[in-house]
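# Structural description and commentary
Here are the chains, one letter per residue:
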Amino acid sequence: KAEGYSGSDIVLVCKEAAMRPLRTLLSQIDENAINGGLPVGARPGLVSADDFDAAFATTKSSVQAYAERYKQWESEFGSA
């Protein structure tokens with residue numbers, strides 16, 4: 001799934017995947033606060049393969065976004 005992703009893109013994917021369990025926990029805390037209590041000892045879950053799948057779905061490759069520009073540059077000026 002990471003083909004075409006730069007190192008920076010992979011860092012963003014990992015950060016997004018790590019945030020998903022935290023967002024779930026914050027949502028649970030918000031729901032419990034509305035209902036009159038906070039969960040005792042609540043902790044975020046582990047990062048799962050589903051979290052990475054969702055992160056890849058929402059984080060696009062910057063390399064692919066600029067691929068056409070790179071091709072145009074190469075055709076105009078040649079490779080470096």
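Fair warning: this is a prediction, and the values are worked out from it, not measured in the lab. (Residues numbered from 1 in each chain as written. Predicted model: local features only at pLDDT ≥ 70, side-chain atom pairs only at ≥ 80, totals over all residues. Heavy atoms only, no water.)

### Quick look at the overall build of the protein chain
Put simply, the rule reads: Every helix listed is a DSSP run of H or I at least four residues long, and every strand listed is a run of E at least two residues long, numbered separately from the N terminus. Restricting the calculation to C-alpha atoms gives the radius of gyration, and the globule rule supplies 2.2 Å times the number of residues raised to the power 0.38. Three exposure classes are used, based on accessible area relative to the maximum for each residue type with a 1.4 Å probe and protein chains only: buried under 20%, partly exposed in between, and exposed over 50%. We call two residues contacting when some pair of their heavy atoms lies within 4.5 Å. Every accessible area reported is derived by Shrake-Rupley at a probe size of 1.4 Å, with residue values counting cover from the shown protein chains alone. In this tally, Asp and Glu contribute negative charge and Lys and Arg positive charge; neither His nor the terminal groups of the chain are included. Note on charges: their place is set at NZ of Lys, CZ of Arg, CG of Asp or CD of Glu.
A count of helical and extended segments in the protein chain gives three helices and zero strands. On C-alpha atoms alone, the protein chain measures out to a radius of gyration of 19 Å, which is more than a quarter above the 12 Å that the 2.2 N^0.38 rule sets for 80 residues. Its C-alpha atoms give the protein chain principal-axis dimensions of about 65 × 20 × 15 Å. For the protein chain, buried positions account for 14% of its 80 residues. The long-range fraction of contacts in the protein chain, counting pairs at least 24 apart against all pairs at least 6 apart in sequence, stands at 76%. Of the roughly 6300 Å² of accessible surface on the protein chain, a fraction of 57% belongs to carbon and sulfur atoms. Positive and negative side-chain charges in the protein chain, numbering 8 and 11 respectively, have mean positions lying 3 Å apart.

### Thoughts on the packing of helix H1 (residues 7–34) against helix H2 (residues 49–58)
When two helices pack together, you describe them by how their axes are tilted relative to each other and by the distance separating the axes. Put simply, the test is: Whenever a helix is involved, its axis is fitted only over the stretch in contact; in every case the axis is a line through C-alpha atoms, and angles between N-to-C directions fall within 0 to 180 degrees. For classification purposes, an angle smaller than 35 degrees is called roughly parallel, one larger than 145 roughly antiparallel, one from 65 to 115 roughly perpendicular, and anything else oblique. Two helices cross in a left-handed way if the nearer one is turned anticlockwise from the farther one by less than a right angle. They cross in a right-handed way if the turn is clockwise. Only Asp, Glu, Lys and Arg are considered charged in this grouping, and only Ala, Val, Leu, Ile, Met, Phe, Trp, Tyr, Cys and Pro are considered nonpolar; every other residue, Gly among them, is considered polar.
Where H1 meets H2, the closest approach of the two axes is 8 Å, and the angle between their N-to-C directions is 125 degrees. Here H2 runs oblique to H1, going by the angle between their axes. Judged by the twist between their axes, the crossing of H1 over H2 is right-handed. Of H2, the residues touching H1 (which contributes Ile-10, Val-13, Cys-14, Glu-16, Ala-17, Arg-20 and Pro-21) are Asp-50, Asp-51, Phe-52, Ala-54, Ala-55, Phe-56 and Thr-58. Residue composition of the contact of H1 with H2, by class: nine nonpolar, one polar and four charged.

### A look at the pattern of salt bridges
Where we set the bar: In what follows, salt bridge is the name for a side-chain nitrogen of Lys or Arg lying within 4 Å of a carboxyl oxygen of Asp or Glu.
Applying the stated rule across the entire model yields three salt bridges. Notably, a salt bridge pairs Lys-1 with Asp-53, separated by 2.4 Å at the nearest N-O pair. Remark: Asp-53 occurs in helix H2 and Lys-1 occurs in the segment before H1; sequence separation between them is 52 residues. A salt bridge links Arg-23 to Glu-16; the shortest N-O distance between them is 2.9 Å. Arg-23 sits in the partly exposed class, given a relative accessible area of 41%. Judged by relative accessible area, which is 22%, Glu-16 ranks as partly exposed.

### Let's talk about helix H3 (residues 62–77)
In an α-helix, one turn spans 3.6 residues; hence positions three or four apart end up facing the same way. Counted only if it meets this: To estimate the expected span of a helix, count its residues, drop one, and scale the result by 1.5 Å. What we call the bend at a residue is the angle made by axes fitted to the seven residues finishing there and the seven residues starting there. For this analysis, a polar contact is any N or O atom pair within 3.5 Å, provided that within protein one partner can donate a hydrogen and the other can accept it, and provided that sequence-adjacent residues contribute only side-chain to side-chain pairs.
Taking 1.5 Å of rise per residue, the 16 residues of H3 would be expected to cover 22 Å, and the 22 Å separating its terminal C-alpha atoms lies within 8% of that figure. At Glu-68, H3 shows its largest kink, close to 40 degrees. Across the 16 residues that make up H3, only a small minority, zero, are buried. Capping of H3 at its N-terminal end is provided by Ser-61; its side-chain oxygen lies 3.2 Å from the backbone amide nitrogen of Val-63. Looking at the residues trailing H3, positive phi occurs at Gly-78, about 85 degrees.

From the geometry alone we can't say anything about function, so treat these as descriptive.
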